[in-house]
Amino acid sequence: MAYRKARTSSGKSPDSTGNQGKNPDPSGKERRFFGIGGSKGFAIGEVYEFVRETIDHETAELSTGKIEDEVERFLAALNRSEKELKKIERVTTRKIGRLYSDLFQAQIMLLNDPVLTSNISRRIRTEFKPAHLVIEQEFGKYLEHFLNSDDIFFRERAADLHDIKERIIRNLHIRKLHSWVPEGTIVVSHHLSPADIILLSRSNIKGFASDTGGKTSHVSLICKSLNIPIVVGLGNFSQKAVSGNRIILDGNQGLLITDPKEETIDEYLKKRECESRREADDSILAHRHAFTRCGVRISACSNIDFKEEIEHLDSTGSEGVGLFRTENLFLDDLKPPKESVQYEYYLQMAEMLTPKPLVIRLFDIGGDKLIYSPIKEPNPNLGWRGIRILIDVPEILDAQLQAVIKANIHGNVDVLLPMISSIEEIEHIKQTLDRHYHHIKANFHEPLDKPGVGAMIEIPAAVELIDEITRIVDFISIGTNDLTQYTLAVDRNNLIVQDLFEKFHPAIIRQLHKIITTAQKNRCRVSLCGDMGSDPFAMPFLIGCGLREFSMVSSDIPTLKTIVGKYTVEECELLAAECLGLSRASAIKAHLETFVKAHETC
């Protein structure tokens, strides 16, 4: 698939009138389309539809005389692909640092994988098949595993694998890389790759919209780093988009508005002005401690995926790492990392953060069968995953706990246990940790503190056991995303039932109140690390329940510090009591919105 510029029926470029084969809504009626907000922010501008050219492939069997030419054509395509990726890697490093440029380095390594390249070359020679057909089949084996996985991480990484395949096939035909679009437009596409985002962002793009993708996909994460709004998961919106038409993109709500009315545009212009003032206030407050209007201290830590993120935490006013997701380290080579590799990684993090805390969540793996078993479970999300795998595969658990213990030379490292559903699971991990700690301490060259142990509260069973759990752990962390998913029996990544994923459902807010108040009663530290902690409407309710520790995306921390200063604890407690008495999510949301708007200063 090669890129082509969208063209109008008159042959003019899309930034002037429209898009070939499409007509704007003749009524000019404002329409709204909902997806997923991948990166926050607003944009008002003209659509540029970014499309890919369909290439007609030769499918006939190759003659003997063309076999070696076809192999050479494949190897040349690999070479061109590598040069492109190295260019993109350099641009990425320059724009947002090494954090995401490593993604393209990983793609380069795959291009140079001797097993993959030799398999494709061998099959071209022995099966007399055209290169593009063999490439499709070889990559298809991996893509099938990834796309059929019930783990959102793997489904979203499948997009990266697909991009490599498409790049090689495009380069078989020596098609030019399309990396320019009209400045100041909003790019709409069926699918956007990380490379697309990096290269197109050089054209001062106002925003991106994609039919595919998720909140944690690489395109969303890169847009956050670039501070460009993006809406993903729009289904088939790109089929309705008309290049040159006015559009509003709202990355906060995951919303696109086509043919917006003048009053809607005015509303968003005011929102943007208000946002600018708020950002200015946030930057002032970022390096101060957060207090409610009545002087109660609220702390805010960061959720991170890579150690490279630590160097940026100070600029947001983060007070440490409340959740380090270790799965990316585990999945780098699709096999468990060695203890020595983990130790070096965790130690670097602990030293960069000290004396601030580092909470390391044990591998929350599972849902995919690429690593552990050839058997496909009927429902992996309710199967062998998280703490269950760690207990059943002790070599993975042992290596990680030993690495964490050795890395705790500054006494600022704790461990967090994922997917806890029973007391026995916690006791097993604590006993294993104690055994390793005493052995390591006796043989270690310097004093070591034992890491504290925390439990993720993200399964309804853990909520029912919250009194017992908070008596035997040092802290708990509430994962509102999974807690909502499991309580409501709604897959948050399933577009068919996504509207039923309601964090303000009465059952959810009552669970949160029970968790927080029980932890406080048992003098157990409690933090919240799910998306709900960044929601400005949820924040006063959570404070009213007694929550004083948040862990969130670093970029949301300055906003939290601004917001909490508007409320007194007494006001928040009254709000929480009123919400807990309501039996409909719509009524709860309306009540929270009324409260927040009454305290708006912008």
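Reading the values: rules and limits
Residues numbered from 1 in each chain as written. Predicted model: local features only at pLDDT ≥ 70, side-chain atom pairs only at ≥ 80, totals over all residues. Heavy atoms only, no water. Helix = DSSP H or I, 4+ residues; strand = E, 2+ residues; numbered from the N terminus. Buried < 20%, exposed > 50% of the residue type's maximum accessible area, 1.4 Å probe, protein only. Polar contact = N/O pair within 3.5 Å; in protein donor to acceptor, adjacent residues only side chain to side chain. Pairing = 2+ DSSP bridges. Axes fitted to C-alpha atoms, helices over the stretch in contact; angles between N-to-C directions. Core = buried A, V, L, I, M, F, W, Y, C linked by side-chain atoms within 4.5 Å. Contact = heavy atoms within 4.5 Å. Phe/Tyr/Trp six-rings, centres within 6.5 Å; stacked < 30°, edge-to-face > 60°. Patch = residues over 30% accessible without salt bridge, like charges linked within 9 Å, V, L, I, M, F, W, Y side chains within 5 Å. Areas by Shrake-Rupley, 256 points an atom, 1.4 Å probe, with all protein chains shown as cover. Salt bridge = Lys/Arg side-chain N within 4 Å of Asp/Glu carboxyl O. Lys, Arg positive; Asp, Glu negative; His and termini not counted. Charge placed at Lys NZ, Arg CZ, Asp CG, Glu CD. pLDDT = per-residue confidence, 0-100. Parallel < 35°, antiparallel > 145°, perpendicular 65-115°, else oblique. Left-handed = near helix turned anticlockwise from the far one by under 90°. Nonpolar A, V, L, I, M, F, W, Y, C, P; charged D, E, K, R; others polar.

Asks: Explain the environment of Glu 458 here, please?
Replies: Structurally, Glu 458 is set in the loop between β16 (452–457) and α15 (460–464). According to the relative accessible area criterion, Glu 458 is buried, its value standing at 2%. A C-alpha to C-alpha distance of 6.5 Å links Glu 458 and Thr 480, two positions 22 residues apart in sequence. Polar contacts involving the side chain of Glu 458 include one to the main-chain amide nitrogen of Met 419, which spans 2.7 Å.

Asks: I tried to follow the sheet that holds strand β8 (residues 230–232) on my own but got confused; where do I start?
Replies: With respect to topology, 8 strands assemble into an open sheet ordered β2-β10-β9-β4-β6-β7-β8-β3, the strand pairing being mixed. Edge positions in the open sheet fall to β2 (31–34) and β3 (36–39), since each of these has one partner strand only. Between one strand axis and the next, the sheet turns by 30° as a mean value, whatever way the strands run. By the bridge criterion, 3 bridges tie strand β4 (residues 42–49) to strand β6 (residues 186–189) in an arrangement that is parallel. Note that in β6 the partner of Val 47 across the bridge is Ile 186.

Asks: For this particular structure, what's the right way to read the nonpolar core?
Replies: A general trend in soluble globular proteins is that nonpolar side chains are found buried together. Tyr 346, Ile 469 and Ile 476 are the most contacted members of the largest nonpolar core, which has 92 residues in total. Each residue touching Tyr 346, except ones within four places of it in the same chain, is listed here: Phe 324, Thr 326, Leu 329, Leu 358, Ile 360, Phe 363, Gln 400, Ala 403, Val 404 and Ala 407. By size, the runner-up hydrophobic cluster in this structure holds 51 residues, among which are Val 71, Leu 85, Ile 197 and Val 232.

Asks: So what exactly am I meant to see when it comes to the packing of aromatic side chains here?
Replies: Each pair of aromatic rings is reported with the distance of its centres and the angle of its planes. Enumeration over the complete set of coordinates arrives at 5 aromatic pairs. Seen from their ring centres, Phe 33 and Phe 237 are 4.9 Å apart, and the 65° between their planes marks the pair as edge-to-face. On the criterion of sequence distance, the pair formed by Phe 33 in strand β2 and Phe 237 in the loop between β8 and β9 (246–250) is long-range, its members being 204 residues apart. Judged on exposure class, the residue Phe 33 and its partner Phe 237 are both buried. Seen in terms of ring centroids, Phe 324 and Tyr 346 are 6.4 Å apart; in terms of plane orientation they differ by 80°. Their pairing is edge-to-face. A residue pair is termed long-range when its members are at least 10 positions apart, and Phe 324 in strand β13 (residues 321–325) and Tyr 346 in helix α11 (residues 339–353) qualify at 22 residues. Residue classification places Phe 324 among the buried residues on the basis of a relative accessible area of 0%. Cluster of aromatic residues (ring-pair linked, three or more members): Phe 324, Tyr 345 and Tyr 346.

Asks: For this particular structure, what's the right way to read the environment of Thr 480?
Replies: Counting through the fold element by element, Thr 480 comes out in helix α17 (residues 480–488). Exposure remark for Thr 480: the relative accessible area of 3% places this residue in the buried category. Distance from Thr 480 to Asp 531, taken between C-alpha atoms, is 6.8 Å for residues 51 residues apart in sequence. Residues contacting Thr 480, with those up to four places away along its chain left out, are Leu 512, Leu 528, Gly 530, Asp 531 and Met 532.

Asks: For this particular structure, what's the right way to read a positive patch on the surface?
Replies: Together, Lys 87, Arg 90, Arg 94, Lys 95 and Arg 202 make up a region of like positive charge exposed at the surface. By the secondary structure assignment, Lys 95 is in helix α1 (residues 67–96).

Asks: Is there a simple way to think about the pattern of salt bridges in this case?
Replies: Between side chains of opposite charge, a pair can form as their charged atoms come close. Tallied over the full model, the rule gives 28 salt bridges. For Asp 305, the salt bridge goes to Arg 325, with nearest N and O atoms at 3.1 Å. In this pair, Asp 305 is assigned in the loop between β12 (297–304) and α9 (313–316) and Arg 325 in strand β13, connecting sequence segments 20 residues apart. One salt bridge connects Lys 406 with Glu 339, and the closest N-O pair in it is separated by 2.5 Å. Remark: Glu 339 occurs in helix α11 and Lys 406 occurs in helix α13 (residues 394–407); sequence separation between them is 67 residues. For Lys 406, a relative accessible area of 23% puts it in the partly exposed group. Given a relative accessible area of 22%, Glu 339 falls into the partly exposed group.

Asks: It is not clear to me how the confidence of the model for the protein should be interpreted in this structure. Could you clarify?
Replies: Reading fine detail from the predicted coordinates is not recommended where pLDDT is low. The pLDDT averaged across the protein works out to 86; a share of 85% of its residues lies at or above 70. Contacts from residues 1–21, a stretch scored under 50 in pLDDT, to residues over four places away or in other chains number 60 contacts. A low-confidence stretch, residues 368–374 stays under pLDDT 50, and its non-local contacts, those more than four residues away or across chains, total 18 contacts.

Asks: Looking at this model, I keep getting lost on the packing of α1 against helix α3 (residues 114–127). Mind explaining?
Replies: Packed helix pairs are characterised by how far apart their axes lie and by the angle those axes make with each other. One way to put it is that α1 packs onto α3 with a least axis distance of 9 Å and a crossing angle of 155°. Taken together, α1 and α3 sit at an angle that is classed as roughly antiparallel. You can see that α1 and α3 cross each other, and the crossing is right-handed. Residue-level contacts link Ile 67, Glu 68, Glu 70, Val 71, Phe 74, Leu 75 and Leu 78 of α1 to Thr 117, Ile 120, Ser 121, Ile 124 and Arg 125 of α3. Across the contact of α1 with α3, the residue classes break down as 7 nonpolar, 2 polar and 3 charged.

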